[in-house]
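Summary of structural features
If you want the building blocks of each chain, they are given just below.
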Amino acid sequence: MPAFPEIDKIRYEGPDSRNPLAFRWYNADELVEGQTMREHLRFSVVYWHTFRGTGSDPFGAGTMVRPWEDGTDSVENAIRRARVAFEFIEKLGAPFYAFHDRDVAPEGATLAESNRNLDRVVEVLKQEQQRTGIRLLWGTANLFSNPRYLHGAGTSCNADAFAYAASQVKKCLEVTKELGGVNYVFWGGREGYQNLYNTDMKRELDHLARLLHLAVDYARQIGFTGQFLIEPKPKEPTKHQYDSDAAACLNFLRAYDLLDHFKLNLETNHATLAGHSMMHELDYAGMQGGLGSIDANTGDLLLGWDTDQFPTDLYLTTQCMLVILKYGGLAPGGVNFDAKVRRESFEPIDLFHAHVGGMDAFARGLKIAAAIRADGELDALLRERYRSWDTGIGAEIEAGRADFNALEQYMLAKGEIDANRSGRQEMLENLINRYL
Ligand code: XUL
Ligand code: CO
């Protein structure tokens, strides 16, 4: 019996449609800058929020109505849920999904039992992938929920926790490979600290790098060729997360000789918590060749925590797509909806409303960004702002041909700098509004 009998397939009906369960902008086969929207956006549904989210919060129990759940943590329930997940993703028309090992299958009493549980569910995921053509964007190991990881996993003071985490990553890499996953993600989980008096930060970071190197080595051993990704986040659950933002992650990867193997999976709400805009994080990663994938969501600027809301703000999606297009796209990454419906939106149909809105917001952002790029006005103004670097002394400095003596001679002869010109911020903000 279908879990969503009232939904056939979400279709593109165009901007004039009043149907809340149709796409008004996401037209998968439409070409933008020579590629289909499907190829540009590579939408992905997350297993954890969408199929395991209960709606519980620190003040109350879960609220989600999910008729396919029987209330047990059994493998049978997990298998039924997997079939529902694929019905949902297929009807939505997203080409990818992403999971943590413990989202898809229950943790057992021992590592061996957990691995057996995972194998049984992976068999079903594989069947469903074959039936629908839906692919795995990335797998990841949950190294934070179980109390064994209370001090962290790769950065735990307890070496056994590291060994357990390594075993979990090993298995999850095998499973991700078996399912044809095109990326593998490390989000820091509890890799951070609450207090520096009890923390040997240097040793913890060395251990984290060790875990990542072991993963790279094992991937090579088993022939997993997916892209490794690190997901920056500055706080939650620990006070200080080691992978705090794009710059910190890239510095860590460089310091530990991991830069060739990892890119970044950037998440909007994490950027906000780090005191950055998503556009900043994307551009910072992109300019260093580290832009891998995005977890598409948004926070609430009035709240200081990771609310993981679905993205609907067209300025946000336009900014994301401007930077993504600038760096040549996300593939093999994608636009992964690491977002959850509010606990007040407890009916199954709300999952469709949320994803349809997010996909449409990104599709529209893509079209707006492409229009801005096609006009070229913004780009021309940006180039013009830096024109003093294109010739003369600017070009000499950039080429490394001007030392301090030469610069002093230049300025002594000239006496004062060419007059500065306005940054025209308001004009540029108005220009962006022309396209929205
Ligand atoms: C946590 C978060 C995770 C990662 C995967 O804030 O974003 O769900 O995306 O572990
Ligand atoms: Co995320």
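Once a new chain begins, its residue numbering starts again from 1 and follows that chain's sequence as written. The lettering of chains begins at A and the numbering of ligands begins at 1, in the order of writing. Local features in this predicted model are restricted to residues of pLDDT 70 or higher, and side-chain atom pairs are both shown and tallied only at a pLDDT of 80 or more, whereas totals for entire chains, interfaces and linings draw on every residue. Note: side-chain values were computed over all heavy atoms of the structure, leaving out hydrogens and water.

1. Digging into the site of ligand 1
Around ligand 1 sit Trp48, His100, Trp138, Trp187, Glu231, Lys233, Glu267, His270, Asp295, Asp306 and Asp338, and that is every residue in its neighbourhood. Here a polar contact is recorded for every N or O atom pair within 3.5 Å, except that within protein the pair must consist of a potential hydrogen donor and a potential acceptor, and residues adjacent in sequence are included only if both atoms are side-chain atoms. The side chain of Glu267 places a nitrogen or oxygen atom 2.8 Å from an oxygen atom of ligand 1. To be clear on the numbers: accessible area is Shrake-Rupley with a 1.4 Å probe, and residue cover counts the displayed protein chains and nothing else. Compared with its free state, where it exposes 290 Å², ligand 1 has 93% of that area covered by protein. Across the shell around ligand 1, the residue classes break down as three nonpolar, two polar and six charged. For this description, a residue counts as near a given molecule or strand if any of its non-hydrogen atoms is within 4 Å of it. Classes in brief: Ala, Val, Leu, Ile, Met, Phe, Trp, Tyr, Cys and Pro nonpolar; Asp, Glu, Lys and Arg charged; the others, Gly included, polar.

2. With respect to a nonpolar patch on the surface
In this scheme, patches are assembled from residues that exceed 30% relative accessible area and form no salt bridge. Like charges are connected within 9 Å, while nonpolar side chains (Val, Leu, Ile, Met, Phe, Trp, Tyr) are connected within 5 Å. Salt bridges are counted wherever a side-chain nitrogen of Lys or Arg sits within 4 Å of a carboxyl oxygen of Asp or Glu. Judged by side-chain polarity, Leu382, Tyr386, Trp389 and Ile397 come together as a nonpolar surface patch covering roughly 370 Å² of accessible area. Counting from the N terminus, the helices are the DSSP runs of H or I reaching at least four residues and the strands are the DSSP runs of E reaching at least two. Structurally, Leu382 is set in helix H13 (residues 377–385).

3. Side note on the packing of helix H3 (residues 75–92) against helix H12 (residues 348–375)
Where H3 meets H12, the axes come as close as 11 Å, and the angle between the chain directions of the two elements is 40 degrees. If you check the angle between H3 and H12, you find them oblique. For the crossing formed where H3 meets H12, the hand is right-handed. The residues of H12 that touch H3, namely those facing Phe88, Lys91 and Leu92, are Leu351, Phe352, His355, Val356 and Met359. Residues that form the contact of H3 with H12 fall into these classes: six nonpolar, one polar and one charged. For helices, the axis comes from a line fit to the C-alpha atoms of the stretch in contact; other axes are also lines fit to C-alpha atoms, and the angle between any two N-to-C directions lies between 0 and 180 degrees. Note on angle classes: values under 35 degrees are labelled roughly parallel, values over 145 roughly antiparallel, values of 65 to 115 roughly perpendicular, and the remainder oblique. Left-handed describes a crossing whose near helix is turned anticlockwise from the far helix by less than a right angle; the clockwise case is right-handed. Whether two residues touch is decided by their heavy atoms; if any such pair falls within 4.5 Å, the residues are in contact.

4. Digging into the packing of aromatic side chains
Pairing of aromatic rings covers Phe, Tyr and Trp, the last through its six-membered ring, and needs centres within 6.5 Å; plane angles under 30 degrees mean stacked, over 60 mean edge-to-face, and all others mean tilted. Taken as a whole, this structure holds 24 aromatic pairs when the rule is applied. Their ring planes at 75 degrees and their centres at 5.8 Å tell us that Phe51 and Phe88 sit as a pair that is edge-to-face. Taken together, the residues span a long stretch of sequence, with Phe51 in helix H2 (residues 47–52) and Phe88 in helix H3 at a distance of 37 residues. Note on Phe88: relative accessible area 0%, which makes it buried. Taken together, the aromatic side chains of Phe4, Tyr47, Phe51, Trp68, Phe88 and Phe352 make up a single cluster linked through ring pairs. Placement of a charge over a ring requires the Lys NZ or Arg CZ to be within 6 Å of the ring centre, with the centre-to-atom vector within 35 degrees of the ring normal. One Lys or Arg, Arg148, reaches over the ring of Tyr164 and ends 3.7 Å from the middle of that ring. Accessibility here uses a 1.4 Å probe with only protein chains present; expressed as a share of the type maximum, an area under 20% marks a residue as buried, one over 50% as exposed, and anything in between as partly exposed.

5. Description of H3
Each helix should span, by expectation, one fewer than its residue count multiplied by 1.5 Å. Between its terminal C-alpha atoms H3 stretches 25 Å, which fits the 26 Å expected from 18 residues at 1.5 Å a residue. In the stretch just after H3, Gly93 is the one whose phi turns positive, near 85 degrees.

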